[in-house]
Amino acid sequence: MEGRNVVVIDQRPLPHQFKLLRLRNHRETAEAIRNMTIRGAGTIGATAAYGMAQAFLEDSSARYLRKAYETLVTTRPTAVDLKHALDRVLIEAHDAKTAVAVAERITDEYVERMKRIGEIGLPLLPKNARVLTHCNAGWLAIVDWGSATAPIYTAHRRGRKVFVWVDETRPRCQGANLTSWELLNEGVPHKVIADNAAGHFMQRGEVDLCIVGADRIAANGDTANKLGTYEKAVLAKENGIPFYIAAPSSTIDPHCPNGDAIPIEERSEDEVHFIRGVRVTPRGARAANPAFDVTPAKYITGIITERGMLKPREVRKLWKR
Ligand code: MRU
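Overview of the structure. (Residues numbered from 1 in each chain as written. Predicted model: local features only at pLDDT ≥ 70, side-chain atom pairs only at ≥ 80, totals over all residues. Heavy atoms only, no water.)

A word on the sheet that holds strand S6 (residues 209–212). The 7 strands are arranged S5-S4-S3-S6-S9-S14-S15 in an open sheet whose pairing can be described as mixed. The sheet is open, and its two edges are formed by strand S5 (190–193) and strand S15 (308–310), each paired on a single side. On average, each strand axis in the sheet is inclined to that of its neighbour by 25°, with strand direction left out of account. Pairing geometry for strand S14 (residues 302–305) and S15, over 3 bridges, is antiparallel. Across the sheet, the residue bridging to Ile-304 is Met-309, located in S15. Sheet contacts for helix H6 (residues 150–157): strand S3 (129–133), strand S4 (162–167) and S6; angle to S4, the most-contacted strand, approximately 150°. Each of S3, S4 and S5 is contacted by helix H7 (residues 174–186), which is oriented at about 165° to S4, the strand it contacts most. (Pairing = 2+ DSSP bridges. Helix = DSSP H or I, 4+ residues; strand = E, 2+ residues; numbered from the N terminus. Axes fitted to C-alpha atoms, helices over the stretch in contact; angles between N-to-C directions. Contact = heavy atoms within 4.5 Å.)

Written out as structure tokens, the structure reads:
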């Protein structure tokens with residue numbers, strides 16, 4: 001945060017252009033979350049926390065804060081880190097100064113948690129590991145290390161060989177645009193593959209394990225992540241490949257009993273009709289665009305959290321401790 005401004009990386013022109021954007025008030029911050037200037041569950045949470053801090057700086061009356069909370073919390077309905085972060089600012093802050101401090105604490109905690117996830121996930125990677133990932137669960141999506149990428153970056157920085165299959169992730173191409181850009185900058189060998197190619201490489205024995213992030217984990221371990229994650233998990237099971245979710249405990253929603261209760265964000269049809277401004281469907285065609293799908297717990301080998309590796313059925317226990 002610089003003064004009252006929240007400064008973010010504008011993810012929309014990546015990988016071709018690196019741009020910082022200054023969000024001047026909580027409404028601009030909410031809009032940046034809604035229109036995917038920034039994306040990824042953890043980055044959404046951290047940015048929303050700063051948005052709430054901006055609201056405190058603007059007017060700390062209860063009425064104004066309640067309205068600002070509503071504006072921010074409705075931007076992305078599936079990613080539960082958003083609500084967790086906003087609730088924390090409201091509960092823990094009592095004025096503008098402490099609101100900024102809480103937002104900073106939330107961001108720092110993400111960094112620490114992702115680092116832990118890197119350590120806990122590291123032993124899962126065999127020698128010369130070939131990892132498949134979907135969407136962007138890298139540092140752009142969740143501060144500094146990423147969730148799915150944390151074990152990969154940890155291995156790579158320690159000189160271990162690791163290769164990544166990157167699903168392109170239509171319609172917004174987070175894999176092709178963001179994950180590949182991150183891995184390239186970090187020097188991690190990888191190949192981007194069309195979304196339909198994952199099964200082919202799994203069947204040929206070219207994938208050792210899958211690691212993806214999460215936007216909301218229900219109390220029974222069912223997990224919402226970017227659309228297409230479910231089919232990758234089914235294919236992994238069919239091919240005897242372990243399938244891991246990497247996420248901080250703030251992505252677990254103890255109030256959500258199972259995947260059916262997870263709200264799935266429906267985004268504009270235009271994200272399917274257009275790729276970077278070029279229409280790829282016939283004029284007049286309709287499209288459906290759910291942003292996430294739910295992977296049932298039975299397809300998940302383990303959930304890597306900063307509090308340890310959990311079986312999906314153990315998620316509940318985490319909240320009873
Ligand atoms: O719609 P997005 O780009 O915000 O979705 C991102 C994902 O689904 C990520 O895989 C997810 O947030 C988990 S990693 C933090």
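There's more to say after this.
We now examine the packing of aromatic side chains. With the rule as written, the count across this model stands at 5 aromatic pairs. Residues Trp-165 and Phe-201 carry aromatic rings whose centres are separated by 4.2 Å and whose planes lie at 20° to one another, so their mutual orientation is stacked. Of the two residues, Trp-165 sits in strand S4 while Phe-201 sits in helix H8 (residues 198–203), which places them 36 residues apart along the sequence. You'll find Trp-165 and Phe-201 in the same group, each marked buried. The structure contains a cluster of three or more aromatic residues connected by ring pairs, namely Phe-18, Trp-139 and Trp-181. Positioned above the aromatic ring of Tyr-69 is the side chain of Arg-66, whose terminal nitrogen or guanidinium carbon lies 5.2 Å from the ring centre. Sitting over the ring of Trp-145, Arg-157 keeps its end group 4.5 Å from the ring centre. (Phe/Tyr/Trp six-rings, centres within 6.5 Å; stacked < 30°, edge-to-face > 60°. Buried < 20%, exposed > 50% of the residue type's maximum accessible area, 1.4 Å probe, protein only. Lys NZ or Arg CZ within 6 Å of the ring centre and 35° of its normal.)

Moving on to unusual backbone geometry. Along the chain, Leu-14 connects to Pro-15 via a cis peptide bond; the corresponding omega equals 10°. Note on placement: Pro-15 falls in the loop between strand S1 (6–10) and strand S2 (19–23). Of the consecutive residues Arg-170 and Pro-171, the connecting peptide bond is found in the cis state with omega at 5°. Within the fold, Pro-171 resides in the loop between S4 and H7. In this model, Thr-169 sits at a positive phi of 70°, which is unusual for a non-glycine residue. Summarising the element assignment, Thr-169 is placed in the loop between S4 and H7. Overall, the relative accessible area of 0% leaves Thr-169 in the buried class. Positive phi, normally seen in glycine, also occurs at Arg-276, with a value near 45°.

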